[in-house]
Amino acid sequence: MTTPISVSACARAATAEEAAYRIDYPLAHARSTRVIAFDETAAVTVLSISQSPWGQAQFYTTSNSGEELITLSGERRPMVKEIEHSDSVIMVATNSVVSAAAAEVGLACRERSIMTAGLLLLDAGALSGEALSALRPYARILLVPADEEDLFQLLKAIRA
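Re the nonpolar core
Most often, soluble globular proteins keep nonpolar side chains buried together rather than apart. Judged by nonpolar contacts, the single largest core of 24 residues is most densely connected at Phe 38, Ile 83, Val 89, Met 91 and Val 105. Counting residues per element, the ones that place at least two in this core are helix H4 (79–83), strand S5 (88–93), helix H5 (99–111) and helix H6 (129–135). Beyond its immediate chain neighbours, meaning those up to four positions away, Ile 83 contacts Arg 34, Leu 69, Val 89, Ala 108, Cys 109 and Ile 114. With 20 residues, the next largest nonpolar core counts Ala 37, Leu 119, Leu 121 and Leu 155 among its residues.

Below, the structure is given as structure tokens:
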């Protein structure tokens, strides 16, 4: 048998005694997130999302091998060095995904216990099995099908 909560219980929650149990410090700082596009169509979405104000999120495309990440300004950087201190990596792709690059980044994240998420965007028609197979082994969270708003909301939810 359960006891119903009375009005006085709600009033008691507002007392100074109960306030001592409240968490009174601010939320954690923005997370260090890397957002990586694995094909040209995904890069357009990543570029669009990067225009919003973000904390510590950084946005890239990738080389065909995945060993280098390319900033949106065109600077090439070693992938491992760019992700090694990140909290999360979000992989964005379409049917044109470069599978080798996704595997390289995914394995590097797995070795370092970096949280990964994948978004497969609809580009032209239904998603292919190859696109799904390219990200599924490496993304702990996989949104299929996804769109630009999904990426925006995911970044917002993880405080990027």
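Section: the sheet that holds strand S1 (residues 33–37)
Judged by pairing direction, the sheet is mixed, and its seven strands sit side by side in the order S4-S3-S2-S1-S5-S6-S7 without closing on themselves. Looking along the sheet, the strands with just one partner apiece sit at the ends: strand S4 (76–78) and strand S7 (141–146). Adjacent strand axes in the sheet meet at a mean angle of 30° when their direction is disregarded. Pairing between S1 and S5: five bridges, direction parallel. Its bridge partner being in S5, Thr 33 is matched across the sheet by Ser 88.

What to know about the environment of Asp 147
Examined against the element boundaries, Asp 147 turns out to sit in the loop between S7 and helix H7 (148–157). Given the relative accessible area of 40%, Asp 147 is considered partly exposed. Counting along the chain gives 105 residues from Asp 147 to Ala 42, while the straight-line C-alpha distance between them is 9.8 Å. Among all residues touching Asp 147, those that are not within four sequence positions of it are Leu 119 and Leu 121. Among the polar contacts listed, one links the side chain of Asp 147 to the backbone nitrogen of Glu 149, at a separation of 3.1 Å.

Notes on the pattern of salt bridges
As enumerated under the stated definition, the model contains four salt bridges in all. The residue Glu 68 makes a salt bridge to Arg 76 at a minimum N-O spacing of 2.7 Å. Between Arg 77 and Glu 75 there is a salt bridge, and its shortest N-O distance comes to 3.2 Å. By relative accessible area, Glu 75 is classed as partly exposed at 41%. Sharing partners across several salt bridges, the network here consists of Glu 75, Arg 77 and Glu 82.

Some points on helix H3 (residues 40–50)
Within H3 the residues assigned to the buried category are Ala 42, Ala 43, Thr 45, Val 46, Ile 49 and Ser 50. Buried residues of H3, seen end-on, are gathered within an arc of 160° and therefore sit on one face of the element. Of the exposed residues in H3, the ones pointing more than 90 degrees away from its buried face are Glu 40 and Val 44. Each element contacted by the buried residues of H3 is listed here: S1, strand S2 (58–62), S5, strand S6 (115–121) and H7. A side-chain oxygen of the first residue of H3 lies 3.2 Å from the backbone nitrogen of Thr 41; this N-cap is Asp 39.

Cut-off values and rules
- Residues numbered from 1 in each chain as written.
- Predicted model: local features only at pLDDT ≥ 70, side-chain atom pairs only at ≥ 80, totals over all residues.
- Heavy atoms only, no water.
- Core = buried A, V, L, I, M, F, W, Y, C linked by side-chain atoms within 4.5 Å.
- Buried < 20%, exposed > 50% of the residue type's maximum accessible area, 1.4 Å probe, protein only.
- Helix = DSSP H or I, 4+ residues; strand = E, 2+ residues; numbered from the N terminus.
- Contact = heavy atoms within 4.5 Å.
- Pairing = 2+ DSSP bridges.
- Axes fitted to C-alpha atoms, helices over the stretch in contact; angles between N-to-C directions.
- Polar contact = N/O pair within 3.5 Å; in protein donor to acceptor, adjacent residues only side chain to side chain.
- Salt bridge = Lys/Arg side-chain N within 4 Å of Asp/Glu carboxyl O.
- Arc of directions from axis to C-beta.

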